[in-house]
Amino acid sequence: EITMSLIGMKVPMQLCLLLCSLRFILSAEKSDAKSSRDIRCKCICPPYKDVQGMIYNQNVSLKDCNCLHVVDPMPVEGKDVEAYCLRCECTYEERSSGTIKVTIIIYLFILGLLLLYMFYLTMLEPVLKRRLFGHSQLIQSEDDVGDQQPFANAHNVLSRSRSQSNMLNKVEHAQQRWRRQVQEQRKSVFDRHVVLS
Amino acid sequence: PHSSLTNCRNNHNADRSALYIFVLVWCVTAGPSVTPGEEVNGWGNPMDLFDEPFPDVSTYEDFHTIDWLREKSRDTDRHRKVRSRRVTLLDAWSGWVVMLLIGLLSGTLAGVIDLAVDWMTDLKEGVCLSALWYSHEQCCWTSNETTFDDRDKCPQWQTWSELMTGHAEGAGAYVLNYFLYVLWALFFAFLAVSLVRVFAPYACGSGIPEIKTILSGFIIRGYLGKWTLLIKTVTLVLAVSSGLSLGKEGPLVHVACCCGNLFSSLFSKYSKNEGKRREVLSAAAAAGVSVAFGAPIGGVLFSLEEVSYYFPLKTLWRSFFAALVAAFTLRSINPFGNNRLVLFYVEYHTPWYMAELVPFILLGVFGGVWGALFIRANIAWCRRRKTTRLGRYPVLEVIAVTAITAVVAFPNPYTRRSTSQLISELFNDCGPLDSSRLCDYVNDPNMTRPVDDIPDRPAGPGVYTAIWQLALALIFKIVVTIFTFGIKVPSGLFIPSMAVGAIAGRIMGIAVEQMAYHHHDWIIFKKWCRPGADCVTPGLYAMVGAAACLGGVTRMTVSLVVIMFELTGGLEYIVPLMAAAVTSKWVGDAFGREGIYEAHIQLNGYPFLDTKDEFTHRTLAADVMHPRRGEPPLAVLTQDGTTVEDVEELIKETDYNGFPVVVSRKSERLIGFVQRRDLTLAIKNARQKQEGVVSNSVVYFTEEMPLLPPSCPQPLKLRCILNLSPFTVTDHTPMETVVDIFRKLGLRQCLVTRSGRLLGIITKKDVLRHMAQMMNQDPDSIMFN
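Residues numbered from 1 in each chain as written. Chains lettered and ligands numbered in written order. Predicted model: local features only at pLDDT ≥ 70, side-chain atom pairs only at ≥ 80, totals over all residues. Heavy atoms only, no water.

Under an unreviewed UniProt entry, chain B has the name Chloride channel protein and belongs to Scleropages formosus. What the UniProt record of chain B gives under Sequence similarities (unreviewed entry) is the line "Belongs to the chloride channel (TC 2.A.49) family." (UniProt positions renumbered as here; feature names shortened; annotations may be inferred.)

As annotated in an unreviewed UniProt entry, chain A carries the name TMEM9 domain family, member B and is attributed to Scleropages formosus. The record held by UniProt for chain A lists under Sequence similarities (unreviewed entry) the comment "Belongs to the TMEM9 family." According to the UniProt record, the Subcellular location (unreviewed entry) comment for chain A is "Membrane".

Spelled out as structure tokens, the structure:
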């Protein structure tokens, strides 16, 4: 429970810092690991006489990115080469495959964490609540404004037996406060339609 | 006994407020801001992160307006203190450090969003087998098996039906692909709305109307918080990937403002002063638009024109810096693989002709008409959602809209792909090498001209198919966006309106092009079109149409034109863009004065006093002030006649935000004004901490203690929370002037006097109600104070 409350408050700040630091790591990665898969020169040549249209891809640098270097083997003979190459269009493109991979993996990781936490908050916590405190507390809880009130008592009950440091107490209080805020927001937006309608 | 209130020192300059207010009026009206040098920043204790913020006298309550004058005078105070301590250099740099951090984080988040959207949009259709994290285009990037006719097919990318059953073509494969497309779309939308509902309900919607209100001085606690930032970023990707007809530009402004709020809380210079914080938020909004469009200058102008309320010159320079840093960060992440910031950057230089202004103006008219219709329809639908049972099922509503969108969008190839890709294809001109259906012109096989100079060609059958598919897509987008903007996931409006305009523009461009080709002997075309020359560029028409529709909906002027020409990379098309933007604004204004954001502000009843409207009625202050005839008299405090008990009862019985203090009930001469919140906190503090203060203690606001018999309990001095220079007008002041004062100074209330005696009070809510009444709108729709 304590790790979950820790996650509740510290996740956003940590993630912001993580993202910022990762951006510097990514740029460093890009600059020294420019693998050959990440640059290409793409030449598109339309149909000419009886040669059909073709697309050529090669890993060449910017100065070599033209029809003569990339179109290989050349489908036409000597004097037609110039006419053929005039129609072709060659573009040089770069990408960073490392950035893409890291970004997608981080995004999915964060999404997964959020989904797990959401699952915990909506499904597991009421079940745990019921199991720890039985039915009587649940009836009492229905009069409360927030459905986490009995659980707040649970934290207090459990904490009285062991000595908790100031920090953990504060984190739990912060988490309870956050949940109350979210509940207020939910009421404003979804129930009373006061903002964001 | 000395008072234990913390800001007594800050408020003792209330006597000199008059001078500061004079300076402030100069600053705000003349433009350039006076900055005598900046101050020390205090770094907060990290453990304080978990403490509940102590509601001291300087914080505001949720859903209340700030006092701009007080914030300004507190900032000037802070300046003087820091100057005396000589730590000015560090303080001066704190502003620039905040801008730098905002730019870095906004650019990073925008890059993450772009890459993730790219991947997840393609995930609805298939998957890349060689590397699961590649989108369709990235997957086929290195492949050598792409052919000229099938440019986007490669063996590494397989559609779901191909993966599951091994068949790529056929009716069964089509149905399976269709089914899985709809399923993925529903899954993404469901995740998005659930995350919004459970973690951050403020993350839904566009965000721009609320940010406009916040920047005008309103407080919405939690709207720019860390959880809102995280959830908005994550769910924006999900919402855009699910194929809904929404964009990411408005939410990116919200994300950038959340970053601004996050970093401004690191420095006490910004975290403790709501007025200074709004300067940072203005700059952050500029950074948000800059990364959305790849247009730093357009972003600054958008922040200036649309979002901000007060915009001193200092903010202009800092916004530009933040926008540049954000654009540079996004470019270094390079999400689109070719060093461009936006997916639909075009770079052609074909000339346009004067006679083409006629279709451009027609596109402007279309944009204005569509904008007005969209605003009316969307507001009507949102009002229905707000007041009827529809609003009780937000999750079901999102799922229903997604289902309808996905089911109708899949069959049409132009709506199946993401809207950004559609716009990109429509903006691009057709060279001889394009293989899309839209570019299926009949090519002359002997032609050897370079791409830019292809003469006009007759349309092949593919173009006609594309035109009627595009027409269907246009109708679909027009209808579905009305129901999509405002649902409970992050939703923006720029991309759908640009799509509507681009489709209309492209259809018109192709029509004009074919007319010019087939009837090149008509007088109009003969003057400008030689046969065998390039006359008409349908891509340009698409751009002009997009600008017209965006202008019609948001009623932007300068910022729209600058954004569009930064998108196109050239100054050649400024005149067509301006013609369309101006026409669409005129036509739109003929139907209704407000853009979509002002309309949403009105729907929600935010206390936003628009600076753009002109108040031209001839009412006086006496017509608007309270109390009117028949109402109970004004609730006032006397300077030394009320007891603590009386004050508490007054606070309990009424819900006014402040009370004027007069000399006595008989003479009613005004001394000052005291805020309700300050009074409550001061009395609570005094009861707890000062000895001898009981219910019968007299509350006095004068400098010296009043003469009381010795049997009376200890009196309570509350002079330090009294504002000794409240704004007053006489009862014959025209409302024009009063509205001007409220706008320029950001007042919350203004007292009305006659011959020196207090007559009544005008609050911002009264002003807004009066303006609504004058415009024949419902004055009871103003909800907040």
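## Quick notes on the overall build of chain B
For chain B, the count of helices and strands is 30 helices and 11 strands. Of all 785 residues assigned to chain B, the portion counted as buried reaches 59%. Accessible area of chain B: about 32,100 Å², with a carbon and sulfur share of 60%. (Helix = DSSP H or I, 4+ residues; strand = E, 2+ residues; numbered from the N terminus. Buried < 20%, exposed > 50% of the residue type's maximum accessible area, 1.4 Å probe, protein only. Areas by Shrake-Rupley, 256 points an atom, 1.4 Å probe, with all protein chains shown as cover.)

## As for the interface of chain A and chain B
The interface is formed by 63 residues belonging to chain A together with 74 residues belonging to chain B. Carbon and sulfur atoms supply 71% of the area that chain A and chain B bury against each other, a total of about 6,700 Å² over both sides. When the buried surface of chain A facing chain B is broken down by residue, A:Y107, A:F190 and A:L196 rank first, second and third, together holding 12% of it. At the boundary of chain A and chain B, one finds zero salt bridges. Seen at the junction of chain A and chain B, the total is nine residue pairs in polar contact (both at pLDDT 80 or more). Taken together, the elements giving at least two residues each to the side of chain A that touches chain B come down to α1 (2–32), β1 (39–45), β2 (54–58), β3 (89–94), α4 (97–141) and α6 (166–191) of chain A. Of all the elements, α4(A) adds the most residues to the side of chain A that touches chain B, at 16 residues. (Contact = heavy atoms within 4.5 Å. Buried area = accessible area lost by both parts, 1.4 Å probe. Salt bridge = Lys/Arg side-chain N within 4 Å of Asp/Glu carboxyl O. Polar contact = N/O pair within 3.5 Å; in protein donor to acceptor, adjacent residues only side chain to side chain.)

## A closer look at the packing of aromatic side chains
Within the structure shown, the criterion is met by 29 aromatic pairs over all chains. Centroid distance B:W184 to B:F188: 5.5 Å. Interplanar angle 40 degrees. Geometry classified as tilted. One end of the pair is B:W184 and the other is B:F188, both in helix α7 (residues 171–199) and four residues apart, which spans about a single turn. Since its relative accessible area comes to 2%, B:F188 is described here as buried. Taking 5.9 Å as the distance between ring centres and 80 degrees as the angle between the ring planes, the aromatic pair formed by B:F302 and B:F494 counts as edge-to-face. With B:F302 in helix α13 (residues 296–307) and B:F494 in helix α20 (residues 494–518), this pair connects stretches of sequence that are 192 residues apart. Accessibility assignment for this pair places B:F302 and B:F494 in one class, buried. Here the guanidinium or amino end of A:R95 rests over the ring plane of B:Y134, the centre of that ring lying 4.7 Å away. Residue placement shows B:R416 over the ring face of B:F410; its charged tip is 4.0 Å from the ring centre. (Phe/Tyr/Trp six-rings, centres within 6.5 Å; stacked < 30°, edge-to-face > 60°. Lys NZ or Arg CZ within 6 Å of the ring centre and 35° of its normal.)

## Considerations on the UniProt feature "transmembrane region" (unreviewed entry) in chain A
Listed under "transmembrane region" (unreviewed entry) in the UniProt record, and renumbered for this structure, are residues 104–123 of chain A. Here residues 104–123 of chain A runs as 100% helix and 0% strand, with 28 Å between its end C-alpha atoms.

## A few points about a negative patch on the surface
All names here are of chain B. On the surface, a cluster of negative charge is made up of D149, D150, D152 and E169. Residue position: E169 is located in the loop between α6 (160–165) and α7. Classification of E169 by relative accessible area gives exposed; the value is 62%. (Patch = residues over 30% accessible without salt bridge, like charges linked within 9 Å, V, L, I, M, F, W, Y side chains within 5 Å. Lys, Arg positive; Asp, Glu negative; His and termini not counted. Charge placed at Lys NZ, Arg CZ, Asp CG, Glu CD.)

## Brief notes about helix α19 (residues 461–484) of chain B
Taking 1.5 Å per residue, 24 residues should reach 34 Å; α19(B) reaches 34 Å between its end C-alpha atoms and fits that length. B:G486, located one to two residues past α19(B), shows a positive phi value of around 115 degrees. (Expected span 1.5 Å × (residues − 1).)

## Here we look at the state of the cysteines
Going through the model one piece at a time under the given rule, you end up with seven disulfides over all chains. Covalently, A:C41 is tied to A:C65 through a disulfide, its sulfur atoms 1.9 Å apart. Where A:C41 bonds to A:C65 through sulfur, the torsion about that S-S bond is close to 80 degrees, and the disulfide is right-handed. With A:C41 in strand β1 and A:C65 in the loop between β2 and α2 (67–70), the pair connects residues that are 24 residues apart, well separated along the chain. With relative accessibility at 0%, the residue A:C41 sits in the buried group. Judged by its relative accessible area of 13%, A:C65 falls in the buried class. What pairs with B:C128 in a disulfide is B:C139, and their sulfur atoms sit 1.9 Å apart. (Disulfide = S-S within 2.5 Å.)

## Section: the sheet that holds strand β3 (residues 637–638) of chain B
Residues and elements named next belong to chain B. Pairing is mixed across the open sheet formed by three strands, whose spatial order is β3-β5-β6. Unpaired on one side and paired on the other, β3 and β6 (670–675) mark the two borders of the sheet. Sitting on the sheet, helix α28 (residues 676–689) is in contact with β3, β5 (658–662) and β6, with an inclination near 75 degrees to β6. (Pairing = 2+ DSSP bridges. Axes fitted to C-alpha atoms, helices over the stretch in contact; angles between N-to-C directions.)

## Section: the UniProt feature "domain: CBS" (unreviewed entry) in chain B
Within this structure's numbering, the places UniProt gives as "domain: CBS" (unreviewed entry) are residues 625–691 and 722–781 of chain B. The distance from the first to the last C-alpha atom of residues 722–781 of chain B is 32 Å, and the span holds 37% helix and 27% strand.

## Focus on the environment of A:C85
Residue and element names in this part refer to chain A. As for its placement among the helices and strands, C85 is situated in helix α3 (residues 81–87). By relative accessible area, C85 is classed as buried at 15%. Separated by 18 residues in sequence, C85 and C67 have C-alpha atoms that sit 5.8 Å apart. Residue contacts for C85: discarding those within four places in its chain leaves C67, L68 and M74.

## Describing the sheet that holds strand β7 (residues 698–700) of chain B
All names here are of chain B. Judged by pairing direction, the sheet is mixed, and its three strands sit side by side in the order β4-β7-β8 without closing on themselves. Across the chains shown, the open sheet's two edge strands, defined by having one partner strand only, are β4 (642–643) and β8 (716–717). Taken together, the two bridges between β4 and β7 define a ladder with antiparallel strand orientation. What sits directly across from T643, in β7, is V698.

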